[in-house]
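What follows is the residue order along each chain.
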Amino acid sequence: MRVRCARVRHVFTGRLMAAAISFAASMAASIPAVAAVTLPAVPEAIKAKGVLNVGVRCDQPPYGYQDEKGAYAGVETDMARQIAKWAFGDESKISMTCVTAENRIPQLTAGRVDLLIATLGATPERARVIDFTKAYRWGASGVLVKADSPYKKVADLDGQTVVTPKGSVQAKWFEDNMPKVTTLRLNGTADSLQAFKQGRAAAYAHDGATLVVVADQDKSLRVLDDVFLVSDAAIGVRKNEEAWRDYLSASVAKMHDEKLFRGWLAKWVPEGIRPYYVNAFESPRPDGK
């Protein structure tokens, strides 16, 4: 599914939007100043390649997607270009590979890419396979249902079928926390959304930001006012590449130090919903972790 983010008009209703705006405003003055960040040397193994090989999402606006011309777009793709500029002196020295929730970690461990900036939640299960950098934002999961459905909360889905992409943290969450839910796990966002619209599942669970885009474009759908599974998003790297991990962690710190995320969010996120995203990038997690 390719979504043109420039045409998206996100609409958050209910307590989630009100809380996000209020929390962002209350925290804005309390974010501590960060000392200027100096990047360490680029590891020789990466420098020798002369290009940044990065896995990004192609169907997750506003983080990573392809526009109507097939060009890579979104906040995470701008992060990747910035890293290429710092590492190689030129943001065009980059090779982006589309990855899905299911194949992104195998793409990394097989050496097809050297890092993942791909809406990747830093979970204990994944940390057994790959390493994570410093987190650059937090995110919450959500559930999409038909506008006329009776469901109000996630708990109402007990005993129902929920579709979600293979390899997603949402699938694992339902498995661990709501075992009476049947999870229909499909290849990606487009397949999951299509199956849900066809009536093969009572709901579609995924990243909350993605679902809001879908609901705004199709008024027959709505997002439950009940978020779950708050987690950090970080850059993924292979095990035993500590110098590369540390370089990328320093890059994330430098992005925050130079307030680059503010510019990228202004570029890719409509003004009406922007406080929610600024909150996710700049404020502490709402669950206090």
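Residues numbered from 1 in each chain as written. Predicted model: local features only at pLDDT ≥ 70, side-chain atom pairs only at ≥ 80, totals over all residues. Heavy atoms only, no water.

When you go through the protein chain residue by residue, the secondary structure sums to 11 helices and 14 strands. In the protein chain, which comprises 289 residues, the proportion classed as buried is 53%. Of all intrachain contacts in the protein chain linking residues separated by at least 6 positions in sequence, the fraction that spans at least 24 positions is 73%. Roughly 12800 Å² of accessible area belongs to the protein chain as shown, and the carbon and sulfur atoms make up 50% of that amount. (Helix = DSSP H or I, 4+ residues; strand = E, 2+ residues; numbered from the N terminus. Buried < 20%, exposed > 50% of the residue type's maximum accessible area, 1.4 Å probe, protein only. Contact = heavy atoms within 4.5 Å. Areas by Shrake-Rupley, 256 points an atom, 1.4 Å probe, with all protein chains shown as cover.)

Moving on, we get to helix H6 (residues 169-177). Listed as buried for H6 are Val 169, Gln 170, Ala 171, Trp 173 and Phe 174. Residues of H6 that are buried in the fold lie against helix H5 (124-127), strand E8 (137-146), strand E9 (161-165), strand E10 (182-186), strand E11 (203-207) and strand E13 (228-233).

A sheet is described by the order of its strands in space; here 3 strands give the open sequence E2-E3-E4, paired in antiparallel fashion. Of all strands in the sheet, those bounded by a partner on one side alone are strand E2 (59-60) and strand E4 (72-73). Taken together, the 2 bridges between strand E3 (residues 64-66) and E4 define a ladder with antiparallel strand orientation. Within the sheet, the bridge partner assigned to Tyr 65 lies in E4 and is Ala 73. (Pairing = 2+ DSSP bridges.)

Inspection of the secondary structure puts Pro 43 in the loop between helix H1 (14-28) and helix H2 (44-47). Taking the C-alpha atoms as reference points, Pro 43 and Glu 241, 198 residues apart in sequence, are found 9.1 Å from one another. Not counting residues within four places of it along the chain, the set of residues in contact with Pro 43 comprises Ala 243, Trp 244 and Tyr 247.

Further remarks concern the packing of helix H3 (residues 75-88) against helix H10 (residues 260-268). Running from amino to carboxyl end, H3 crosses H10 at an angle of 135 degrees, the nearest separation of the two axes being 9 Å. Judged on the interaxial angle alone, H10 and H3 are oblique. Our pair here, H3 against H10, has a crossing hand that is right-handed. Contacts between H3 and H10 involve Val 75, Asp 78, Met 79, Gln 82 and Trp 86 from the first element and Leu 260, Phe 261, Trp 264, Leu 265, Lys 267 and Trp 268 from the second. Considering only residue class, the contact of H3 with H10 consists of 8 nonpolar, 1 polar and 2 charged. (Axes fitted to C-alpha atoms, helices over the stretch in contact; angles between N-to-C directions. Parallel < 35°, antiparallel > 145°, perpendicular 65-115°, else oblique. Left-handed = near helix turned anticlockwise from the far one by under 90°. Nonpolar A, V, L, I, M, F, W, Y, C, P; charged D, E, K, R; others polar.)

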